[in-house]
Amino acid sequence: MKAFWFAGIALALTATTAFALDAGDQIKTRRDGMKAVGGATKGLYETLAGDKDVGKIKAYAARLKQLSVESQGWFPVGTGPSSGIETKSKAEVWTDPVGFKAAQQAFVTQAGKLNAAAASGDLDRTQAEFGALRGTCKSCHDKYQTK
């Protein structure tokens, strides 16, 4: 009987450890993705303020659109503060899934508008859509990310 009990404990610990590693990998993917979003955002900001190279603007905008779609998978259940792994994501990401999903969708929508503006070559429109994208990011970070 004790052998079954010990086997059960060992299995539970193994599963917990495997989940923790998986959660850690997921959180790393999220961090790397957010760093990529930050890099593309910074690059676009500097290009719009600087040389206004249309090719670079289009590339940054396309990258932000791609990352916005990818971000939909960066927040699986079990990768929040309750995982025990350090994360900037607030518990509200998982306790307010409807609100968070709406914020994610706003990012996807606005990144698409930015990409369309950049693809058109209209720099004034691109600048306006970029400003709107930055506002979308800020509102989500204000509600769902620790400082």
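Scroll up for the structure.
Residues numbered from 1 in each chain as written. Predicted model: local features only at pLDDT ≥ 70, side-chain atom pairs only at ≥ 80, totals over all residues. Heavy atoms only, no water.

**What about helix α2 (residues 54-70)?**
Along an α-helix, residues three or four apart share an orientation, since each turn contains 3.6 residues.
Piece 1. Between its first and last C-alpha, α2 extends 24 Å over 17 residues, near the 24 Å set by a 1.5 Å rise per residue.
Piece 2. Where α2 is concerned, the buried positions are Ile-57, Ala-61, Leu-64, Leu-67 and Ser-68. Angularly, the buried residues of α2 cover 125° about the axis, an arc narrow enough to put them on a single face.
Piece 3. Two or three places before Gly-55, at the start of α2, stands the capping residue Asp-53, its side-chain oxygen 2.9 Å from that residue's backbone nitrogen. (Helix = DSSP H or I, 4+ residues; strand = E, 2+ residues; numbered from the N terminus. Expected span 1.5 Å × (residues − 1). Buried < 20%, exposed > 50% of the residue type's maximum accessible area, 1.4 Å probe, protein only. Arc of directions from axis to C-beta. Polar contact = N/O pair within 3.5 Å; in protein donor to acceptor, adjacent residues only side chain to side chain.)

**Regarding the packing of α2 against helix α4 (residues 97-120)**
Piece 1. Taken N-terminus to C-terminus, the directions of α2 and α4 make an angle of 160°; their axes are 8 Å apart at the nearest point. Between α2 and α4, the interaxial angle falls into the category roughly antiparallel. Of the two possible hands of crossing, α2 and α4 adopt the one that is left-handed. Across from Ile-57, Lys-58, Ala-61, Ala-62, Leu-64, Lys-65, Leu-67, Ser-68 and Val-69 in α2, the residues of α4 making contact are Phe-107, Val-108, Ala-111, Gly-112, Leu-114, Asn-115, Ala-118 and Ala-119. (Axes fitted to C-alpha atoms, helices over the stretch in contact; angles between N-to-C directions. Parallel < 35°, antiparallel > 145°, perpendicular 65-115°, else oblique. Left-handed = near helix turned anticlockwise from the far one by under 90°. Contact = heavy atoms within 4.5 Å.)

**Observations concerning the nonpolar core**
Inside soluble globular proteins, nonpolar side chains tend to come together where they are buried.
Piece 1. In this structure, Leu-44, Leu-64, Leu-114 and Leu-133 are the most contacted members of the largest nonpolar core, which totals 22 residues.
Piece 2. If you list the elements that add at least two residues to this core, you get α1 (2-49), α2, α4 and α5 (123-144).
Piece 3. In this view, Leu-44 contacts Ile-57, Tyr-60, Leu-64, Leu-114 and Phe-130; residues no more than four positions away in its chain are not counted. (Core = buried A, V, L, I, M, F, W, Y, C linked by side-chain atoms within 4.5 Å.)

**Points about the packing of aromatic side chains**
Piece 1. Scanning the model with the defined rule gives 3 aromatic pairs in all.
Piece 2. Ring centres of Phe-75 and Trp-94 lie 6.4 Å apart, and the angle between their planes is 50°; this geometry places the pair in the tilted category. Note that Phe-75 is positioned in the loop between α2 and α3 (92-95) and Trp-94 in helix α3, a separation of 19 residues in sequence.
Piece 3. Overall, the relative accessible area of 15% leaves Phe-75 in the buried class.
Piece 4. Summarising the aromatic geometry, the rings of Phe-75 and Phe-100 are spaced 4.8 Å apart at their centres and angled 70° between planes, so their arrangement reads as edge-to-face. Of this pair, Phe-75 sits in the loop between α2 and α3 while Phe-100 sits in helix α4; the two residues are 25 residues apart in sequence, bridging distant segments of the chain.
Piece 5. Members of the aromatic cluster, each reached through a chain of ring pairs, are Phe-75, Trp-94, Phe-100 and Tyr-144. (Phe/Tyr/Trp six-rings, centres within 6.5 Å; stacked < 30°, edge-to-face > 60°.)

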